Each structure stands twice: as C-alpha cells, then as structure tokens.
Amino acid sequence: MQIGFGIFSENLAFNPARCVVVGSALIDMYSKCVSVEDAYKIFEAMEERNVFSYSSMITGFAMHGCDCAALELFHEMVKTGIKPNMYPK
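1. Describing helix α4 (residues 51–63)
Between its first and last C-alpha atoms α4 spans 18 Å; for 13 residues at 1.5 Å apiece the expected length is 18 Å, and the two agree. Along α4, the residues that are buried comprise Val51, Ser53, Tyr54, Ser55, Ser56, Met57, Ile58, Gly60 and Phe61. In this structure, the buried residues of α4 make contact with α2 (20–33), α3 (36–45) and α5 (67–79). The N-cap residue of α4 is Asn50: its side-chain oxygen and the backbone nitrogen of Phe52 are 2.9 Å apart. Of the residues one or two after α4, Gly65 is the one with positive phi, at around 75°.

2. Observations concerning α3
One turn of an α-helix holds 3.6 residues; hence residues three or four places apart share an orientation. Of all the residues in α3, the buried ones are Val36, Ala39, Ile42 and Phe43. On an axial view of α3, the arc spanned by its buried residues comes to 115°, and they lie on one face. Opposite the buried face of α3, by more than 90 degrees, sit the exposed residues Glu37 and Lys41.

3. Looking at the environment of Ser24
In this structure, Ser24 sits in helix α2. For Ser24 and Ala39, which are 15 residues apart along the polypeptide, the C-alpha to C-alpha distance reads 9.2 Å. Discounting residues that sit within four places of it in the chain, Ser24 has contacts with Met46, Asn50, Phe52, Ser53 and Ser56. Separated by 2.7 Å, the side chain of Ser24 and the backbone oxygen of Val20 make a polar contact. Among the polar contacts listed, one links the side chain of Ser24 to the backbone nitrogen of Ser53, at a separation of 3.2 Å.

4. What about the packing of aromatic side chains?
A complete count under the given rule lists three aromatic pairs for this structure. A ring pair is formed by Tyr40 and Phe43, whose centres lie 6.0 Å apart and whose planes are at 20°; its orientation type is stacked. In this pair, Tyr40 and Phe43 both sit in helix α3, three residues apart, roughly one turn of the helix. Between Tyr40 and Phe61, the ring centres sit 5.5 Å apart and the planes meet at 45°, which makes this aromatic pair tilted.

5. Observations regarding the nonpolar core
Formed by 19 residues in total, the largest nonpolar core has its most connected members in Ile27, Tyr30, Phe43, Tyr54, Met57, Phe61 and Leu73. For this core, the secondary structure elements donating two or more residues are α2, α3, α4 and α5. Discounting residues that sit within four places of it in the chain, Tyr54 has contacts with Phe43, Arg49, Leu73, Glu76, Met77, Thr80 and Ile82.

Rules used throughout
- Residues numbered from 1 in each chain as written.
- Predicted model: local features only at pLDDT ≥ 70, side-chain atom pairs only at ≥ 80, totals over all residues.
- Heavy atoms only, no water.
- Helix = DSSP H or I, 4+ residues; strand = E, 2+ residues; numbered from the N terminus.
- Expected span 1.5 Å × (residues − 1).
- Buried < 20%, exposed > 50% of the residue type's maximum accessible area, 1.4 Å probe, protein only.
- Contact = heavy atoms within 4.5 Å.
- Polar contact = N/O pair within 3.5 Å; in protein donor to acceptor, adjacent residues only side chain to side chain.
- Arc of directions from axis to C-beta.
- Phe/Tyr/Trp six-rings, centres within 6.5 Å; stacked < 30°, edge-to-face > 60°.
- Core = buried A, V, L, I, M, F, W, Y, C linked by side-chain atoms within 4.5 Å.

Set out below in structure tokens:
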C-alpha cells in the first residue's frame, strides 16, 4: 500500500493524472484506504477520464455516504457521452 501512496507523491517525475489506468486505480485505492477527498483530487487532476475512472469515483462517493456527489458525478459522466457499465465494481 505504501507503494500506491508513493505513486502520487510530488517527488516522483511520473504523473498518474496523465494515465487513466493508474489514475483510476489510485482513485479506487484512496477512496477505500485514505479519504474520498484525496481520491477526488486525483480524479479532478486527471487529463483523461473513462468509465472506469468515473465508476471508481462514484463508488468512492457512495461508500462514504456522499450520495448527492455520486449522483452528480454520474450525471456528469452521462453528459460527457461516457456510457455507464452494466455491472457495478
């Protein structure tokens, strides 16, 4: 888990916000292990988002009781043209 937290460190030249796969995984990890606020910071910093990054963040909000934020993000996802996946994570 320390490696996961270190990936988003400012000390590294690698920027996970530029990689949708790594960014989505970090959103998932942060929302489960650290805080949904930190997960949202990663989500906001992402240059590209797909159904997995949106689903990870929506799930994180829902897990933390942020129902309104989860629904707002779902509607944003649909407005951007990204179709929701049929099965929850």
